[in-house]
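Structural characterization, general
Residue strings, one per chain:
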Amino acid sequence: MRIVLRPLVHLYEDGSDTDSLQAGGVEVLCADEKVRKCVPILCTWHADYMENINIHGIKLNLCPMCTVPKEALGTLPKTAYSQRDHLRYQQYLRSKNTALLDKHGMKPISNALWSLPTVSPQEVMSPDILHNIHSGIMEHLMEWIDGFLKKHNRLSVFDDIWSNIPPYPGYFRPNKPYRSVTQWSGKEMRYFGRVILACFTAALRGQVDNQGMDGATHVSFSKAIKAVRYLSDFCLMAQYPSHTQETVTYMKNYLTKFHEYSDVFIEFRARKAAKKHAKKAAKELALDQATLYDYFKTATQKANLRKEHREERAALVQDIVQCNSSFNFPKLHLLSHYAEQVFRFGSLLQYSTEISEAMHKPLKDAYRRSNKVDATEQILDIYTRTHSMAMLEKNLVAWSRILLLPREYLDALEGRELDGEQSKVDQEQLIVRLMQKQHIEEIVPGKHGKRRRDLKLLDVADELHLPRLVELTYKFFQLHYMHACPADEDKLATYPAEIFTAIDIKVPDFQGQEIQRHIARCTGTRRFRNRSAPRADWVWVRYKAKEDNRVTLPWLGAGEEGIVRVENRGEDKSDRVVNVSDIEGIAHLIELEPGRCWIVNSRIDLTTWNQLYD
């Protein structure tokens with residue numbers, strides 16, 4: 001680290017004071033080989049928790065930013081703890097006062113950032129979304145949920161729900177059951193945070209064994225859902241592209257609410273030593289209980305006694321585990337600093353190490369292919385060769401597309417004259433047109449299959465098993481296109497029709513000016529891409545109330561658990577034919593009761609979450 005900071009430290013060692021540097025700057029040779037006057041100031045230091053405590057000489061299981069005690073990491077303080085005073089630590093180190101350093105949780109080593117007079121080490125630490133949330137908090141949440149589901153015998157139900165998560169744009173469905181995944185990547189944990197609340201709620205609120213549920217279990221389920229809801233909402237809010245005072249207040253409230261309900265998972269935070277001690281105590285109690293069976297003669301009496309003894313041992317184990325369990329781990333405490341870091345650094349999403357961590361993979365693969373002796377040179381050779389081959393493949397793919405086009409396009413691309421005049425600008429415009437043409441051809445419905453143009457509306461109704469399609473379409477024409485409405489339903493049934501299996505929906509991006517593409521698919525009775533079942537995506541349809549022409553939602557609020565449900569009540573009036581322009585985007589629903597009730601997964605992306613926020 002001192003080697004990395006050496007050029008910056010050199011400026012201050014040469015006698016330049018801070019004021020003169022900020023006033024006039026220093027000449028710096030930039031990457032474009034131009035010399036500019038710059039003011040070099042270290043604004044942020046980006047690292048995960050373990051790297052931060054090693055760099056700053058802080059002991060394990062302590063906060064690198066504030067002076068919170070180790071036993072208070074799992075609680076939210078009423079008043080913020082004071083920041084770490086590195087000037088005082090420097091004085092302790094110079095005087096070799098190791099006792100005071102140990103009292104403040106510091107190691108007797110020098111911090112490289114102390115050599116920069118403009119830097120406060122505790123203020124340059126930026127949050128790490130990847131290691132602290134995706135691979136940190138979400139990984140702990142997964143362990144708590146796994147233990148909670150096992151305790152209440154809902155893990156197999158959760159597994160079935162996990163295996164049947166519907167597709168959604170930008171979300172990669174898991175290709176393995178939940179329990180068969182042994183290692184999760186940061187990308188998979190990010191997707192996990194977007195679906196866990198809906199899947200967890202469906203596993204607990206489904207109709208499996210809910211009839212005999214007692215009041216205590218129902219309260220425990222409700223608290224667990226709320227804890228997962230507020231923690232996942234905090235993680236979503238932390239990933240906002242931009243923040244306001246209101247969103248920062250939401251973040252604080254979500255974290256406070258999570259700590260209010262987090263005790264429902266406390267028994268799954270026990271350490272191995274506590275579990276071992278509880279298991280030993282239960283075994284000793286079982287030996288003492290075994291001596292009581294000789295005093296009972298009937299099998300019924302012995303069975304009732306065994307049941308009481310099992311409950312007694314379970315209560316003993318739970319008491320021991322809870323007494324030795326806590327949420328005192330640093331990654332949970334670091335969430336309490338996110339609000340102040342938003343004001344200091346802006347959007348936290350830009351400080352995620354996900355991109356840089358992804359760059360490690362090709363280098364690690366190249367090292368495995370080397371002889372482990374001259375690894376550096378071989379890694380560079382392998383990386384260069386792989387990159388060159390990838391560029392060659394892309395060129396071959398591009399030329400294969402061009403060769404299928406008329407000859408005049410090839411002449412234009414090769415720089416030949418076309419109609420007596422061909423400029424470079426025209427060639428570039430032509431290439432853009434070719435790319436657009438190729439892109440359009442890829443999404444034309446029916447391109448990969450036979451398109452039947454001789455269908456009638458009645459044929460479509462029979463093929464898709466929609467007996468009321470003609471009737472509903474006639475009502476739609478009467479309501480919206482009265483001037484083009486046919487005389488009766490029989491005449492409408494003979495109108496030509498065509499089946500489309502996909503529709504491209506433009507959805508505005510959240511807090512941005514970009515447009516997302518939702519390609520909703522409905523294959524009818526045909527299988528989707530040779531899979532075992534057809535595909536039919538749920539979609540949002542714009543609904544306008546007649547009295548004020550405003551957009552309304554035909555369901556009640558989500559409540560404290562943050563869950564919105566939709567139901568199919570089996571009424572014929574629920575069927576509709578709608579205008580294609582009224583389709584807003586794809587909806588992500590998790591089945592709660594087969595064919596009757598679904599949970600709306602509003603956390604699937606930020607756009608849906610803000611539109612359906614309770």
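Up top is the structure these notes are about.
Since the structure is predicted, the reported quantities are computational estimates derived from the model, not experimental observations.

This part takes up the overall build of the chain. For the chain, the helix and strand inventory stands at 23 helices and 9 strands. By residue count, 38% of the 614 residues in the chain fall in the buried class. Long-range contacts, defined as pairs at least 24 residues apart, comprise 65% of the intrachain contacts of the chain with a sequence gap of at least 6. A total of about 37700 Å² of accessible surface is found on the chain, and carbon and sulfur atoms cover 53% of it.

Looking now at the nonpolar core. One finds Trp144, Phe148, Phe200, Phe265, Leu335 and Tyr338 to be the most contacted residues of the largest nonpolar core, which totals 76 residues. Leaving out residues up to four positions away in the same chain, Phe200 has contacts with Ile145, Phe148, Leu149, Phe158, Ala224, Ile225 and Val228. Ranked by size, the runner-up nonpolar core spans 17 residues in total, among them Tyr89, Tyr92, Leu101 and Leu334.

Glancing now at the environment of Val566. With respect to the helices and strands, Val566 occurs in strand β6 (residues 564-567). Along the chain, Val566 and Leu589 lie 23 residues apart, while their C-alpha atoms are 8.8 Å from each other.

Moving on: the packing of helix α8 (residues 186-205) against helix α9 (residues 215-238). Between two packed helices, both the angle of their axes relative to each other and the distance between the axes serve to describe the pair. Closest axis-to-axis distance for the α8/α9 pair is 9 Å, and the angle between their directions is 170°. One element, α8, and the other, α9, form an angle in the roughly antiparallel class. The segment α8 lies against α9, with Gly193, Ile196, Leu197, Phe200, Thr201, Leu204 and Arg205 engaging His218, Phe221, Ser222, Ala224, Ile225, Val228, Arg229 and Ser232. Grouping the amino acids of the contact of α8 with α9 by side-chain chemistry returns 8 nonpolar, 5 polar and 2 charged.

Further remarks concern the sheet that holds strand β9 (residues 597-600). Sheet architecture is open: 3 strands sit in the order β6-β9-β8, paired in antiparallel fashion. Where the open sheet ends on each side, the last strands, each with one partner, are β6 and β8 (589-593). The average undirected angle you get between the axes of adjacent strands in this sheet is 35°. Judged from the 4 bridges that link them, β8 and β9 form a sheet pairing that is antiparallel. Residue Leu589 lies in a different strand from β9, and its bridge partner there is Val600. Most of the contacts of α8 go to β8, to which it runs at about 5°, and overall it touches β8 and β9.

Moving on to the state of the cysteines. For the structure shown, the criterion picks out 0 disulfides. Left unpaired, Cys66 is separated from the closest cysteine sulfur, that of Cys63, by 3.6 Å.

Right, let's talk about a nonpolar patch on the surface for a bit. Taken together, the side chains of Met359, Leu363 and Tyr383 define a hydrophobic patch exposed on the protein surface, amounting to about 290 Å² of accessible area. When its relative accessible area of 41% is taken as the criterion, Tyr383 is described as partly exposed.

We now examine unusual backbone geometry. Leaving glycine aside, a negative phi is the common case for residues, and trans is the common case for peptide bonds. Backbone geometry at Glu33 places phi at a positive 65°, although glycine is not the residue there. Mapped onto the elements, Glu33 comes out in the loop between β1 (26-29) and β2 (35-38). Note on Glu33: relative accessible area 70%, which makes it exposed. The residue Lys96 is not glycine, and still its phi comes out positive at about 55°. Tracing the chain through its elements places Lys96 in the loop between α4 (86-94) and α5 (98-103).

A few words now on the side chain of Gln239. Tracing the backbone through its elements, the reader meets Gln239 in the loop between α9 and α10 (245-261). For Gln239, the side chain forms a polar contact with the main-chain oxygen of Cys235, separated by 3.0 Å. Residues in contact with Gln239, not counting those within four places in the same chain, are Ile129, His134, Arg190, Leu349 and Leu606.

This part is about the packing of helix α7 (residues 155-163) against α8. The contact between α7 and α8 brings their axes to 9 Å, and the two run at 130°. Overall, the two elements α7 and α8 adopt an arrangement that is oblique. At the point where α7 passes α8, the crossing takes the right-handed sense. In contact with Val157, Phe158, Ile161 and Trp162 of α7, α8 contributes Phe192, Val195, Ile196, Cys199, Phe200, Ala202 and Ala203. Among the residues forming the contact of α7 with α8, the class breakdown is 11 nonpolar, no polar and no charged.

This part covers helix α14 (residues 338-345). Buried within α14 are the following residues: Tyr338, Ala339, Gln341, Val342 and Phe345. Buried residues along α14 cover an arc of 165° about the axis, so they all sit on one side. Considering only its buried residues, α14 is in contact with α6 (129-151), α9, α10 and α13 (330-334).

Before going further, it helps to spend a moment on the pairing of strand β3 (residues 502-508). As paired elements, β3 and strand β4 (residues 515-521) share 7 bridges and run antiparallel to each other. Each bridged residue has a counterpart across the sheet, and for Val507 the counterpart in β4 is Gln516. Here β3 folds back onto β4 in antiparallel fashion, the turn holding 6 residues, of which Gln511 has a positive phi close to 55°.

Before going further, it helps to spend a moment on the pattern of salt bridges. All chains considered together, the criterion is met by 20 salt bridges. The residue Lys151 makes a salt bridge to Glu267 at a minimum N-O spacing of 2.8 Å. With Lys151 in helix α6 and Glu267 in the loop between α10 and α11 (272-290), the pair connects residues that are 116 residues apart, well separated along the chain. We classify Lys151 as partly exposed; its relative accessible area is 42%.

What counts, and where the lines are drawn
- Residues numbered from 1 in each chain as written.
- Predicted model: local features only at pLDDT ≥ 70, side-chain atom pairs only at ≥ 80, totals over all residues.
- Heavy atoms only, no water.
- Helix = DSSP H or I, 4+ residues; strand = E, 2+ residues; numbered from the N terminus.
- Buried < 20%, exposed > 50% of the residue type's maximum accessible area, 1.4 Å probe, protein only.
- Contact = heavy atoms within 4.5 Å.
- Areas by Shrake-Rupley, 256 points an atom, 1.4 Å probe, with all protein chains shown as cover.
- Core = buried A, V, L, I, M, F, W, Y, C linked by side-chain atoms within 4.5 Å.
- Axes fitted to C-alpha atoms, helices over the stretch in contact; angles between N-to-C directions.
- Parallel < 35°, antiparallel > 145°, perpendicular 65-115°, else oblique.
- Nonpolar A, V, L, I, M, F, W, Y, C, P; charged D, E, K, R; others polar.
- Pairing = 2+ DSSP bridges.
- Disulfide = S-S within 2.5 Å.
- Patch = residues over 30% accessible without salt bridge, like charges linked within 9 Å, V, L, I, M, F, W, Y side chains within 5 Å.
- Salt bridge = Lys/Arg side-chain N within 4 Å of Asp/Glu carboxyl O.
- Polar contact = N/O pair within 3.5 Å; in protein donor to acceptor, adjacent residues only side chain to side chain.
- Left-handed = near helix turned anticlockwise from the far one by under 90°.
- Arc of directions from axis to C-beta.

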